[in-house]
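Examining the three-dimensional arrangement
The primary structure of each chain is shown beneath.
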Amino acid sequence: MTIQESGAARPAGRPRSEKAEKAIIEATLDLIGEGTGISELSIEAIASRAGVGKTTIYRRWSNKEDLVVDALATLKAPLPSLTGTSVRDDLISLLDAMRRDAGETRSRCVINIAMSEADRYPQLVARFLNRAVEPRKEAMRDVIERGIATGELRPDLDVAMGAAILTGTMLWHTKWAPAGALAPDLAERVVDAVLAGMAP
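Predicted model, so just to flag it, every value in this text is computed and none were measured. (Residues numbered from 1 in each chain as written. Predicted model: local features only at pLDDT ≥ 70, side-chain atom pairs only at ≥ 80, totals over all residues. Heavy atoms only, no water.)

Counting its secondary structure elements, the protein contains nine helices and zero strands. Taken from N to C terminus, the helices and strands of the protein fall in the order α-α-α-α-α-α-α-α-α. Projected onto its principal axes, the C-alpha coordinates of the protein cover approximately 60 × 40 × 30 Å. Taking all 200 residues of the protein together, 38% fall into the buried category. Averaging the positions of the 26 positive and the 28 negative side-chain charges in the protein gives two centres separated by 6 Å. (Helix = DSSP H or I, 4+ residues; strand = E, 2+ residues; numbered from the N terminus. Buried < 20%, exposed > 50% of the residue type's maximum accessible area, 1.4 Å probe, protein only. Lys, Arg positive; Asp, Glu negative; His and termini not counted. Charge placed at Lys NZ, Arg CZ, Asp CG, Glu CD.)

Written as C-alpha cells, this is what we have:
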C-alpha cells in the first residue's frame, strides 16, 4: 500500500512533490521515535521538522490521523514475492520478512510507541493493522490453505491455528532477542520445527 493510496485528496493539476512527501513522513516518524506521543504530535511540529508549510501537509492528508497511519505503514517492508514452488519456501519467505522488519531498530521503536496509545486511538491503530498487518496474515493463510490442497500439509489442519503458531513463534524470538541477535536462518528453523507437526 503506497502513500498515494491513502485516499487523501490532492488538488487537480498540482504536481505532487515526492521530496516534500518523504520529508513529511520522515519528520512524523522522527518525532514519534523521539517520544512525542500521538496526542502531543502536531501538524505544526511536523511541518517545522520537515521544512514545509502546513498547507503542504494538508494538501496530502486531511488530518493528523491519516498522516500517522501512512507514516507507520512505510515502516513495513512490502510483502515478499512468493514462488509457490513449496509451502516451506513460501513460509520461510514470509517469516524472514518478519525477521528483517524486526531488525530495524527505529521501526520497532516507533511502532511500539504508537501502539502504546492504542486505547486512546483505537481507530488509528485498527487502520494501521488493516493496512500493514492483515495482508501478511492473509498471505500466510493462503499459503497454508494451498499446502492443505496440495497435500503438503495435513488435511485436518486448523489454518488459523497454524498461522498463529508460525507467527507467534517468530514474534517470540523478535520480541525477546537482543537487538541484532536474530540469526539469518531463524525463519528456516522456525518453519521446519512447526512443519514437523503440520505435515501429513
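The biggest cluster of nonpolar side chains holds 26 residues, and the ones touching the most others in it are I24, L29, I46, I57, L67, V68 and L72. Elements with a minimum of two residues in this core: helix 1 (18-33), helix 2 (43-50), helix 4 (64-73), helix 6 (105-115) and helix 7 (122-150). No other element matches the six residues that helix 1 contributes to this core. Sequence-distant contacts of I24, that is, excluding residues within four places in its chain, are made with I46, A50, V52, T56, I57, R60, W61 and L67. A139, V143, A187 and V194 belong to the second largest nonpolar core, which has 24 residues in total. (Core = buried A, V, L, I, M, F, W, Y, C linked by side-chain atoms within 4.5 Å. Contact = heavy atoms within 4.5 Å.)

Now for helix 1. Each turn of an α-helix holds 3.6 residues, which means side chains three or four residues apart point in the same direction. For helix 1, with 16 residues, the first-to-last C-alpha span of 22 Å sits near the 22 Å given by 1.5 Å per residue. Looking only at helix 1, the buried set comprises A20, E21, I24, I25, A27, T28, L29, L31 and I32. Against helix 2, helix 3 (54-60), helix 4 and helix 6 lie the buried residues of helix 1. Positive phi appears at G35, one or two residues downstream of helix 1, with a value of about 105°. (Expected span 1.5 Å × (residues − 1).)

Our next topic: the packing of helix 4 against helix 7. Taken N-terminus to C-terminus, the directions of helix 4 and helix 7 make an angle of 35°; their axes are 9 Å apart at the nearest point. In this structure, the crossing between helix 4 and helix 7 has a hand that is right-handed. Residues E65, D66, V68, V69, D70, L72 and A73 of helix 4 touch helix 7, and the partners they reach there are Q123, L124, R127, F128 and R131. A per-class count over the contact of helix 4 with helix 7 returns six nonpolar, one polar and five charged. (Axes fitted to C-alpha atoms, helices over the stretch in contact; angles between N-to-C directions. Left-handed = near helix turned anticlockwise from the far one by under 90°. Nonpolar A, V, L, I, M, F, W, Y, C, P; charged D, E, K, R; others polar.)

Next up on the list: the side chain of T174. For T174, the position within the fold is in helix 8 (residues 159-176). Each residue touching T174, except ones within four places of it in the same chain, is listed here: M98, A102, R108 and L182.

Turning our attention to the environment of L94. Topologically, L94 is positioned in helix 5 (residues 87-102). Each C-alpha atom of the pair L94 and S48 lies 38 Å from the other, and the pair is 46 residues apart in sequence. With sequence-adjacent residues up to four places away left out, L94 is seen in contact with L79, P80, L82, A139, M140 and V143.

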